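# Overview (structure and organization)
As a plain string of letters, each chain reads:
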Amino acid sequence: MGASGVMAQRQAYDVIIVGARCAGSATAMLMARRGHSVLLLDADRFPSDFEASTHLLWQSGAARLAKWGLLDRLRETGCPSIRKITLDLAVMSLEGNAPAADGIDEAFCPRRLVLDELLLEAAQEAGVEFHQESRVRELIMQDGRVHGVRWTTADGGTEEATCRMLIGADGASSPVAKMVDAPVLDEHPRHEGIIWAYFDNFPAEGMEFYSRPRRMLMVYPTNNGQSLVGSCVHQEDYAEVAREADTRMLEEFEALAPSLAARTRQATQSSRWLTRSTKGFRRQATGPGWALVGDAGLTMDPITAAGISNAFRDADLLSAAVHDGLAAGADIDAVVARFQDERDAVSIPLYEFAKESSKLEPPPQPIMDLFGALPGQQDAIDQYFGVFAQTVPVSEFFAEANFVRIMSGQSQTA
Ligand SMILES: Cc1cc2nc3c(=O)[nH]c(=O)nc-3n(C[C@H](O)[C@H](O)[C@H](O)COP(=O)(O)OP(=O)(O)OC[C@H]3O[C@@H](n4cnc5c(N)ncnc54)[C@H](O)[C@@H]3O)c2cc1C
């Protein structure tokens, strides 16, 4: 109830979307651009940073922004483009860049404050009605389908609205997924946690990774001339390192990557160490009157830094399915259900790859041999980076024929 004790009722919308970050704002924008009425709700106040995640945006995600006409806006924020990837394996170092996605050969690492705001603005420009500080608490059901939602507002009021399709873009702990009781199709435990901070005066030409036993250290150049410096830490060590991050992070850099430690010492830390660990899971993506997009439906271990690019891809897939569903009238749920197969077909191979990588275990001998054969084969190195950028399918890089080609020193781009 509002301050007056009266529940405010809004009009019926084609779509209500809960969560206004990479998955929600992108989906809202795409639905509105297709001419649909969209209500977008988020519990947070915007603009707001999102300190629960690093924010590397690979070539595939950047290409999606370009397709939507938003990549130049990202460039205008001063976010540096990244065309160089260095993977330091202690015994050797690989350098290159992932193959381009639709002509975009740049990755970026935009602060979430910047990226999420840019997406939200684009959604509102497309005609989306947005309410911040609006926490969805309850579903409205009709004839066994989701028919709308009730939410509370910053002033303690309650509002409700109805829709033909409710989309949960409300993150890994998705209240919408819980309210619709979306089945969990697969899940795996936390294998690692990420600890990171922002630094001034930390020059970085590109993204850097340092693969070490039970660790993956990383550096990404980001907005404001800063660098994000951090580490993926094995789950067994994570809680302790996170607790003692102020001393432990530099100590670990010194032990594992002295050149990185030297640069860290010379730089100025401009944030506290941020920490987060998450399990990976896949939920059913659609049901009667509802769909889930982004982390709400599929959360990968963040070691491959794929979540934002995935959210963009799935916003494209889901908005097309919902658009067709809205045109199908009574068959809407059957049409939207195709999103499940489309999402899984493109994401499960990387989901499994991320799950294995997140264990931070030494790769099996054949993969070690493969790494040993990579130096000097630039095509193959770039292809390997393309697995992370999602411009080379996991199955293609690890295909037997590709393996044989690399091992024989004759790699060419497949
Ligand atoms: C440690 C870590 C590092 C990561 N690093 C990267 C990386 O480098 N690159 C990358 O691509 N991905 C990375 N990810 C993954 C990435 O953060 C997620 O995939 C991405 O944030 C998912 O976006 P989303 O829009 O689905 O959900 P979120 O970004 O989680 O947004 C959900 C929104 O829903 C809102 N919400 C929740 N409940 C309600 C409610 N009841 N009512 C209204 N609103 C609600 C929240 O306020 C929030 O704004 C990382 C994740 C972690 C944990």
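The present account deals with the structure reproduced in this document. Sequence positions are assigned chain by chain, starting from 1 and proceeding in written order. Reporting of local features is limited, given that this is a predicted model, to residues whose pLDDT is at least 70; pairs of side-chain atoms are given and counted only at 80 or more, and all residues count toward the totals for whole chains, interfaces and linings. Values shown for side chains rest on all heavy atoms present in the structure; no hydrogens or waters enter the calculation.

Another aspect to go through is the packing of helix H7 (residues 245–256) against helix H8 (residues 258–266). Put simply, H7 and H8 touch, their axes get as near as 6 Å, and they point 140 degrees apart. With respect to each other, H7 and H8 are oriented oblique. Facing H7, whose interface residues are Leu250, Phe253, Glu254 and Leu256, H8 presents Pro258, Leu260, Ala261, Thr264 and Arg265. Here the residues of the contact of H7 with H8 sort into six nonpolar, one polar and two charged. To get an axis, fit a line to the C-alpha atoms, keeping to the stretch in contact for a helix; angles then go from 0 to 180 degrees between the N-to-C directions. Starting at the N terminus, helices and strands are each numbered in turn, a helix being any DSSP run of H or I of at least four residues and a strand any DSSP run of E of at least two. Convention used here: angles under 35 degrees read as roughly parallel, angles over 145 as roughly antiparallel, angles from 65 to 115 as roughly perpendicular, and any remaining angle as oblique. Contacts are assigned to residue pairs with any non-hydrogen atoms lying within 4.5 Å of each other. When residues are grouped by polarity, Ala, Val, Leu, Ile, Met, Phe, Trp, Tyr, Cys and Pro land in nonpolar, Asp, Glu, Lys and Arg in charged, and all others, Gly among them, in polar.

Right, let's get into the packing of aromatic side chains. Each pair of aromatic rings taken from Phe, Tyr and Trp, with Trp reduced to its six-membered ring, is defined by centres within 6.5 Å and is described as stacked if the planes are under 30 degrees apart, edge-to-face if over 60, and tilted in the remaining cases. As enumerated under the stated definition, the model contains 13 aromatic pairs in all. With a centroid separation of 5.9 Å and 65 degrees between ring planes, the pair formed by Phe209 and Tyr220 is classed as edge-to-face. Of this pair, Phe209 sits in strand E11 (residues 207–212) while Tyr220 is found in strand E12 (residues 215–221), placing the two residues eleven residues apart along the sequence. Of the two residues, Phe209 and Tyr220, both sit in the buried class. Ring centres of Tyr384 and Phe397 lie 5.5 Å apart, and the angle between their planes is 50 degrees; on these two criteria the pair is classed as tilted. Separated by 13 residues along the polypeptide, Tyr384 in helix H13 (residues 378–389) and Phe397 in helix H14 (residues 394–397) bring together distant segments of the chain. Across this residue pair, the class does not change: Tyr384 and Phe397 are buried. What links up through ring pairs into an aromatic cluster is the set Trp58, Phe353, Phe371, Tyr384, Phe385, Phe388, Phe397 and Phe398. Only lysine NZ and arginine CZ atoms are considered, and such an atom sits over a ring when it is within 6 Å of the ring centre and within 35 degrees of the ring normal. Against the face of Tyr198 rests Arg111, its NZ or CZ located 3.6 Å from the ring centre. Between buried and exposed lies partly exposed: a residue is buried under 20% and exposed over 50% of the maximum accessible area for its type, with that area taken using a 1.4 Å probe on protein chains only.

If a single non-hydrogen atom of a residue is within 4 Å of a molecule or strand, that residue counts as near it. As a structural note, the neighbourhood of the ligand is formed by 33 residues, with Asp42, Ser53, Thr54, Asp295 and Ile308 the closest of them. Here a polar contact is recorded for every N or O atom pair within 3.5 Å, except that within protein the pair must consist of a potential hydrogen donor and a potential acceptor, and residues adjacent in sequence are included only if both atoms are side-chain atoms. Between the ligand and Asp44, the relevant distance is 3.3 Å, taken from an oxygen atom to a side-chain nitrogen or oxygen of the residue. Note that an oxygen atom of the ligand is positioned 2.7 Å from one of the side-chain N or O atoms of Ser53. Only the protein chains shown count as covering a residue, and every accessible area follows the Shrake-Rupley method with a 1.4 Å probe. About the coverage of the ligand: the protein hides 93% of its 1,000 Å² of free accessible area. Mapped onto the shell around the ligand, the elements with two or more residues apiece are helix H1 (22–33), strand E6 (135–142), strand E10 (192–200) and helix H9 (307–327). A class-by-class count of the residues in the shell around the ligand yields 16 nonpolar, nine polar and eight charged. Where each domain starts and ends follows an automatic or database-derived domain assignment. When we break the shell around the ligand down by domain, the ones giving at least three residues each are domain 1 (8–55 + 111–188 + 279–355) and domain 2 (192–277).

In this section: the nonpolar core. Formed by 52 residues in total, the largest nonpolar core has its most connected members in Leu65, Trp68, Leu74, Phe312 and Val322. Ignoring sequence-local partners within four residues, the contact set of Phe312 consists of Cys22, Ala26, Leu57, Gly61, Arg64, Leu65, Trp68, Leu115 and Leu119. With 46 residues, the next largest nonpolar core counts Met207, Ala306, Ala373 and Ile406 among its residues. The definition of a nonpolar core used throughout is a set of buried Ala, Val, Leu, Ile, Met, Phe, Trp, Tyr and Cys residues joined through side-chain atoms within 4.5 Å.

Glancing now at the pattern of salt bridges. Pairing between side chains of opposite charge can happen when their charged atoms approach one another. Salt bridge, as used here: a side-chain nitrogen of Lys or Arg that lies within 4 Å of a carboxyl oxygen of Asp or Glu. On inspection of all chains with the given rule, the structure shows 37 salt bridges. Across the salt bridge formed by Arg272 and Glu51, the nearest N and O atoms sit 2.9 Å from each other. Here Glu51 lies in the loop between strand E2 (38–41) and helix H2 (59–67) and Arg272 lies in the loop between strand E14 (268–269) and strand E15 (274–277), a separation of 221 residues in the sequence. With a relative accessible area of 56%, Arg272 lands in the exposed category. Ionic pairing is found between Arg64 and Asp316, a salt bridge with its closest N-O pair at 2.9 Å. Separated by 252 residues along the polypeptide, Arg64 in helix H2 and Asp316 in helix H9 bring together distant segments of the chain. Salt bridges linked by common partners bring Arg214, Arg215, Glu236, Asp237, Glu240, Glu244, Arg248 and Glu252 together as one network.

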